[in-house]
Amino acid sequence: MAKKKKLSEIKIILVSLFIVFAIVASIFVISQKSKSQSLTPEEVALTFTETITNRGDGYTAYKYTLISKNYKYEDYVRENFMYPIIYGESHYQSGMDTHNLKGLNDKSYMGEKTKNDDGTLTQKLSDRMFPYYMQLMTELNGWDKYNTFYIKYFAKLLKVREDIYGDKYMTEEIMFTVLESNVKTYDDKLAGTEDDTFGLYEKKYGENCTFTYTITETKDIELEEYNKHVDEATFKTYKISADDITEVKGININIQVQGETVVNAQKVLVVKAHNKWYVDNTNTNTAKLYNFYK
């Protein structure tokens, strides 16, 4: 009896191990499939182009570029454009540990309006900044010159906020909140809103217009030729080098409205770095994606 009980327990253990193995194997297969899908150069190029075209959102599109290889995109923005303002008086330089630096995010910079704001002034700040956001989008033809955009935008934000609140307090949360609010407002201005407010796209192409995307060509580019055009200084800020790039492709995409008329075309340069594909934003000009509807 004891022997049968022991055999039964062994069977239970073996079955349990088999189930665990099957689950782990399934998770591995799903993970590998997902990983494989993320490596498709055409998918990366399409997602990047769609993100900009559908809602004018070049800000989010950068998450598919080389910037995001070694950075979480938001961290890149913090380190290179927010912290130099917040910790400017402490002579911040990119990569410095900010824990022991005193910056404008210190509570000593908070005035009464900041302490008592119920969100009303934050909305006022976003509203005041939006015309400047629009101005920069026009002047810079979108997000390709993101360095110039961030430097000018955040410098302006600091001044406008001080005018509204009467203090110099500034945090990365404030910066992201106002910026992302402006990005969303710009999105709505182009694509319209859920309350049936027409956007610029609908005024140009008709109510409920939609865009479709067709890849017309995928071309392999020789590394030797590609390396002639690498911006090493910019790559350094991304913490990568030309040696990280193992494959390069140029992908041409046609953009159609209502699946018929071609209204724009975009060439996207994608590169493979450590087994993953990214848009090389340093060699991809997206200006036409911000102006085709005008």
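Everything below is about the structure shown above.
Since this is a predicted model, take the numbers as computed values, not measurements.

About the criteria used
- Residues numbered from 1 in each chain as written.
- Predicted model: local features only at pLDDT ≥ 70, side-chain atom pairs only at ≥ 80, totals over all residues.
- Heavy atoms only, no water.
- Core = buried A, V, L, I, M, F, W, Y, C linked by side-chain atoms within 4.5 Å.
- Buried < 20%, exposed > 50% of the residue type's maximum accessible area, 1.4 Å probe, protein only.
- Helix = DSSP H or I, 4+ residues; strand = E, 2+ residues; numbered from the N terminus.
- Contact = heavy atoms within 4.5 Å.
- Pairing = 2+ DSSP bridges.
- Axes fitted to C-alpha atoms, helices over the stretch in contact; angles between N-to-C directions.

Lay out the nonpolar core with the relevant residues and their values.
By size, the foremost hydrophobic cluster in this structure holds 79 residues, and its most contacted members are Y133, W143, F149, Y150, Y153, F154 and L179. When residues in this core are grouped by element, the largest group, nine residues, is from helix 7 (residues 146-165). The contacts of W143, once residues within four sequence positions are left out, are G58, Y59, Y62, Y133, M137, F149, Y150, L179 and Y290.

So what about the environment of V178? Which residues, and what values?
Looking at where V178 falls in the secondary structure, it is placed in helix 8 (residues 172-191). Sequence separation between V178 and L157 is 21 residues, and the spatial gap between their C-alpha atoms is 8.6 Å. When neighbours within four sequence positions are excluded, V178 is seen to be in contact with L125, S126, M129, Y153 and L157.

Residues and numbers for unusual backbone geometry, please.
The backbone phi angle of Q258 is positive, close to 55°, even though this residue is not glycine. Tracing the sequence through the fold places Q258 in the loop between strand 2 (245-257) and strand 3 (261-273). Phi at H274 is positive, roughly 55°, even though this residue is not glycine. Tracing the chain through its elements places H274 in the loop between strand 3 and strand 4 (276-279). Of the residues examined, H274 reaches a relative accessible area of 53% and is grouped as exposed.

Please set out the sheet that holds strand 1 (residues 211-220) residue by residue, giving values where relevant.
Read across the open sheet, the four strands follow the order 1-2-3-4; overall the sheet is antiparallel. At either end of the open sheet lies a strand with only one pairing partner, and these are strand 1 and strand 4. Here the strands of the sheet are splayed against their neighbours by 30° on average, with no regard to which way each runs. Of the pairings in the sheet, the one linking strand 1 to strand 2 comprises nine bridges and is antiparallel in character. When the bridges of strand 2 are listed, D220 appears paired with K249. Packing of helix 2 (residues 41-55) onto the sheet brings it into contact with strand 1, strand 2, strand 3 and strand 4, and relative to strand 1 it is tilted by some 140°.

The values reported here are purely geometric and, on their own, carry no functional implication.
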